[in-house]
Amino acid sequence: MQEYPNVVPIWGIQHEWELDQWLELTERNPRLTPELRAVIETDRKDLAGSFCRSCGYCLPCAAGIDIPQAARMSALLRRSPYQPYMSDAWHEKMHQIENCVHCGACKSRCPYGLDTPNLLVEMLKDYDAFYAEHHND
């Protein structure tokens, strides 16, 4: 699906089968359909405004919060295998958010202008709801 010549989107590949999918895609060279465009637009709306790109510029955190991971937890839970995030260690890591002193340092360093402290509070609420439903899966 090369809408633009010589431009290839690159995102993390963790398994050989994912690489195989990309290679197959380049061989088939499918066209961008209205249906696929609609999926992309939905993703764009879902991720706009409060999407943490995990760049790490917000760090270090005075409270020891893993901001890049915590700030995108909602997406991690729904767009990747969520089971690893249901562990006691991750539950504890997410609850570090409760120790935020709201110093604003992370917010001032975010090149994307995210309201990081409030984003973290929202991510913890979402995480706790997801955890309550899925931690025994």
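Calculation criteria
Every chain's residues receive numbers from 1 upward, in the order its sequence appears when written. It should be noted that, the model being predicted, local features are given only for residues of pLDDT at least 70 and side-chain atom pairs only at 80 or more, the latter also being counted only at that level, while totals for whole chains, interfaces and linings use all residues. Excluding hydrogens and water, the side-chain values take into account all heavy atoms of the structure. Every helix listed is a DSSP run of H or I at least four residues long, and every strand listed is a run of E at least two residues long, numbered separately from the N terminus. The classification of residues rests on relative accessible area computed with a 1.4 Å probe and restricted to protein chains. Under 20% of the type maximum is buried, over 50% is exposed, and intermediate values are partly exposed. Site definitions follow a grid-based scheme: protein atoms alone, a 1 Å grid, a 1.4 Å probe that fits but cannot get out for cavities, and for pockets an open set with protein on both sides within 12 Å along at least five of seven lines, plus lining residues having an atom within 4 Å of a point. Grid points are joined across faces, edges and corners, and a volume is the space filled by probe spheres set on the points. For a helix, the expected span equals 1.5 Å multiplied by the residue count minus one. What we call a nonpolar core is a set of buried Ala, Val, Leu, Ile, Met, Phe, Trp, Tyr and Cys residues that are connected through their side-chain atoms within 4.5 Å. Note on contacts: a residue pair is in contact if any heavy atoms of the two residues lie within 4.5 Å. We define a salt bridge as a side-chain nitrogen of Lys or Arg found within 4 Å of a carboxyl oxygen belonging to Asp or Glu. Stacked, edge-to-face and tilted labels apply to pairs of Phe, Tyr and Trp rings (six-membered ring for Trp) whose centres lie within 6.5 Å, assigned for plane angles under 30 degrees, over 60, and everything in between, in that order. Should the NZ of a Lys or the CZ of an Arg lie within 6 Å of a ring centre and within 35 degrees of the ring normal, that charge is described as sitting over the ring.

## Here's the deal with the overall build of the protein
Part 1: Each helix and strand counted, the protein has seven helices and zero strands in total.
Part 2: Along the protein, helices and strands appear, N-terminal first, in the series α-α-α-α-α-α-α.
Part 3: Projecting the C-alpha coordinates of the protein onto the three principal axes gives extents of approximately 50 × 35 × 25 Å.
Part 4: In the protein, buried positions account for 25% of the 137 residues.

## Notes on the layout of surface pockets
Part 1: By volume, the second largest pocket amounts to about 190 Å³.
Part 2: Surrounding the second largest pocket, 13 residues form its lining, Asp46, Leu47, Phe51, Ser74 and Ala75 being those nearest its centre.
Part 3: Of the residues forming the lining of the second largest pocket, the biggest block, five residues, is contributed by helix H4 (residues 73-79).

## Regarding helix H2 (residues 34-47)
An α-helix turns once every 3.6 residues. As a result, residues three or four positions apart point the same way.
Part 1: The terminal C-alpha atoms of H2, which comprises 14 residues, lie 20 Å apart, in line with the 20 Å expected from a rise of 1.5 Å per residue.
Part 2: Two residues or fewer after H2 comes glycine 49, characterised by a positive phi angle close to 90°.

## Observations regarding the nonpolar core
Part 1: If you look at the biggest cluster of nonpolar residues, it comprises 27 residues, and the most contacted ones within it are Ile65, Met73, Leu77, Tyr85, Met86, Met94 and Tyr127.
Part 2: Secondary structure elements with two or more residues in this core: helix H3 (67-70), H4, helix H5 (88-94) and helix H7 (116-134).
Part 3: With residues near it in sequence (within four places) discarded, leucine 77 still touches Tyr82, Tyr85, Met86, Asp126, Tyr127 and Phe130.

## Considering empty space enclosed by the protein
Part 1: In this structure the tally under the stated criterion is one cavity of 30 Å³ or more.
Part 2: A volume near 90 Å³ is recorded for the largest cavity.
Part 3: As for the largest cavity, its lining consists of Cys52, Arg53, Ser54, Cys55, Cys58, Ile67, Ala71, Cys110, Pro111, Tyr112, Leu114 and Thr116.

## Quick look at the pattern of salt bridges
Part 1: Per the stated rule, a full pass over the model turns up six salt bridges.
Part 2: Here arginine 78 ties to aspartate 126 by a salt bridge, and the two come within 2.8 Å at their closest N and O atoms. One end of the pair, arginine 78, is in helix H4; the other, aspartate 126, is in helix H7, with 48 residues separating them in the sequence.
Part 3: Classification of arginine 78 as partly exposed rests on a relative accessible area of 46%.
Part 4: Using a relative accessible area of 23% as the deciding quantity, one classes aspartate 126 as partly exposed.

## Some words on the packing of aromatic side chains
Part 1: By the definition in use, this model includes three aromatic pairs.
Part 2: Residue placement shows lysine 93 over the ring face of tryptophan 90; its charged tip is 4.4 Å from the ring centre.

As far as function goes, none of this settles anything; it's purely spatial.
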